[in-house]
Amino acid sequence: EAGVTQFPSHSVIEKGQTVTLRCDPISGHDNLYWYRRVMGKEIKFLLHFVKESKQDESGMPNNRFLAERTGGTYSTLKVQPAELEDSGVYFCASSQDPRRTGGGDTQYFGPGTRLTVL
Amino acid sequence: QKEVEQDPGPLSVPEGAIVSLNCTYSNSAFQYFMWYRQYSRKGPELLMYTYSSGNKEDGRFTAQVDKSSKYISLFIRDSQPSDSATYLCAMSAPKTSYDKVIFGPGTSLSVIP
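Residues numbered from 1 in each chain as written. Chains lettered and ligands numbered in written order. Predicted model: local features only at pLDDT ≥ 70, side-chain atom pairs only at ≥ 80, totals over all residues. Heavy atoms only, no water.

### What about the overall build of chain B?
Assigned secondary structure in chain B consists of 0 helices and 11 strands. Beginning at the N terminus, the succession of helices and strands in chain B can be written as β-β-β-β-β-β-β-β-β-β-β. For a compact globule of 113 residues, the expected C-alpha radius of gyration is about 13 Å, and chain B comes in at 14 Å, within 12% of that figure. On the principal axes, the C-alpha backbone points of chain B span a range of 45 × 30 × 25 Å. By residue count, 45% of the 113 residues in chain B fall in the buried class. Accessible surface, chain B as shown: approximately 5,300 Å² in total, 49% of it carbon and sulfur. For chain B, the centre of its 11 positive side-chain charges and the centre of its 11 negative side-chain charges are spaced 7 Å apart. (Helix = DSSP H or I, 4+ residues; strand = E, 2+ residues; numbered from the N terminus. Rg over C-alpha atoms; globule rule 2.2 N^0.38 Å. Buried < 20%, exposed > 50% of the residue type's maximum accessible area, 1.4 Å probe, protein only. Areas by Shrake-Rupley, 256 points an atom, 1.4 Å probe, with all protein chains shown as cover. Lys, Arg positive; Asp, Glu negative; His and termini not counted. Charge placed at Lys NZ, Arg CZ, Asp CG, Glu CD.)

This is the structure we're talking about:
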């Protein structure tokens, strides 16, 4: 079974440009999460989709960030316009509906997209 | 005060040593406790997962949770060079089993052959 995949693996852009990150979750996983790790800091939650609906977007830093999950499959995270402080590694994670497994929300992470804003 | 505190290390041990990694937390609502392992340039990989207090063992790894002290530990027995990675503690306080995961900053571990 394929894991969570993210594209691109690296992106270098200039301040003011737009970047779109993509995440393909594990097939059948209803929950999709975006996280970010900026230099020297811990991984921080950005938002959570349940299928195509935003369940929790309390971690989104500002309105320059837009996440979508049309059709409840893959998700995109767009940063427009990018600022220097947006540099970091963006992780996507997915999990099954815990009501089906009877367990907690075990999340499986992708390899991340390393974003550098110059 | 951060929600989750973790000694960032780096921690360097000889092969075969027992490794002890620890985290403290402040939110008493946390119920799910996880340890992730992250190799350089890779995403976090779930290593151990515990609900509420107690111990859980999986091969060379043992996770302990003490909710009364708000303290969790990961022990690695017979450490191997392949265990060299960053270890992240993580926890969540699910209200509907959908809540977000809060991570510690990670401890960098090197196991020297």
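### Observations regarding the sheet that holds strand β1 (residues 4-6) of chain B
Residue and element names in this part refer to chain B. With antiparallel pairing, the 5 strands of this open sheet are ordered in space as β1-β3-β8-β7-β6. Looking along the sheet, the strands with just one partner apiece sit at the ends: β1 and β6 (54-58). Averaged over all adjacent pairs, the angle separating strand axes in this sheet is 15 degrees, with direction ignored. Pairing of β1 with strand β3 (residues 19-25) involves 3 bridges; the strand directions are antiparallel. Its bridge partner lying in β3, Glu-5 is registered against Thr-24. (Pairing = 2+ DSSP bridges. Axes fitted to C-alpha atoms, helices over the stretch in contact; angles between N-to-C directions.)

### Details of the packing of aromatic side chains
Throughout the structure, instances matching the rule amount to 13 aromatic pairs over all chains. Taken together, a centroid distance of 5.3 Å and an interplanar angle of 80 degrees make the contact between A:Phe109 and B:Tyr36 edge-to-face. In this pair, A:Phe109 sits in strand β10 (residues 108-109) while B:Tyr36 sits in strand β4 (residues 32-38), so the two residues belong to two different chains. In this structure, A:Phe109 and B:Tyr36 share a single accessibility class: buried. Aromatic rings pair up to connect A:Tyr33, A:Tyr35, A:Phe45, A:Phe91, A:Phe109, B:Tyr36 and B:Phe103 into one cluster. Its end group placed over the ring of A:Tyr74, A:Arg22 keeps NZ or CZ at 3.8 Å from the ring centre. (Phe/Tyr/Trp six-rings, centres within 6.5 Å; stacked < 30°, edge-to-face > 60°. Lys NZ or Arg CZ within 6 Å of the ring centre and 35° of its normal.)

### Re the nonpolar core
In this structure, B:Trp35, B:Ile72 and B:Leu74 are the most contacted members of the largest nonpolar core, which totals 26 residues. Mapped onto this core, the elements with two or more residues apiece are β3, β4, β5 (45-51), β7 (61-66), β8 (71-76), β9 (85-92) and β11 (107-112) of chain B. Contact partners of B:Leu74, with chain neighbours within four places excluded, come to B:Val19, B:Ser20, B:Leu21, B:Trp35, B:Leu47, B:Met48, B:Phe61, B:Thr62, B:Ala63 and B:Tyr87. Grouped together as the second largest cluster of nonpolar side chains are 21 residues, A:Val4, A:Val19, A:Ala67 and A:Leu77 included. (Core = buried A, V, L, I, M, F, W, Y, C linked by side-chain atoms within 4.5 Å. Contact = heavy atoms within 4.5 Å.)

### What about the interface of chain A and chain B?
Chain A puts 25 residues into the contact, and the matching count from chain B is 19 residues. The largest per-residue losses of area from chain A upon contact with chain B belong to A:Glu42, A:Ile43 and A:Phe109, which jointly make up 25% of the total buried on that side. Between A:Glu42 and B:Lys2 there is a salt bridge, and its shortest N-O distance comes to 3.7 Å. For the interface between chain A and chain B, the tally reads 3 residue pairs in polar contact (both at pLDDT 80 or more). At the level of elements, β4 (31-37), β5 (44-50), β6 (53-56) and α1 (98-101) of chain A are the ones that each hand at least two residues to the side of chain A that touches chain B. By residue number, the principal contributor to the side of chain A that touches chain B is β4(A), which donates 4 residues. Counted by class, the side of chain A that touches chain B contains 8 nonpolar, 10 polar and 7 charged residues. (Buried area = accessible area lost by both parts, 1.4 Å probe. Salt bridge = Lys/Arg side-chain N within 4 Å of Asp/Glu carboxyl O. Polar contact = N/O pair within 3.5 Å; in protein donor to acceptor, adjacent residues only side chain to side chain. Nonpolar A, V, L, I, M, F, W, Y, C, P; charged D, E, K, R; others polar.)

### A few points about the sheet that holds strand β1 (residues 5-7) of chain A
All names here are of chain A. Judged by pairing direction, the sheet is antiparallel, and its 4 strands sit side by side in the order β1-β3-β8-β7 without closing on themselves. Looking at which strands have only one partner, the edges of the open sheet turn out to be β1 and β7 (65-68). Strand-to-strand twist across the sheet, computed as the mean angle between neighbouring axes with direction ignored, equals 15 degrees. By the bridge criterion, 5 bridges tie strand β3 (residues 19-24) to strand β8 (residues 75-79) in an arrangement that is antiparallel. The residue bridging Arg-22 from the neighbouring strand is Thr-76, located in β8.

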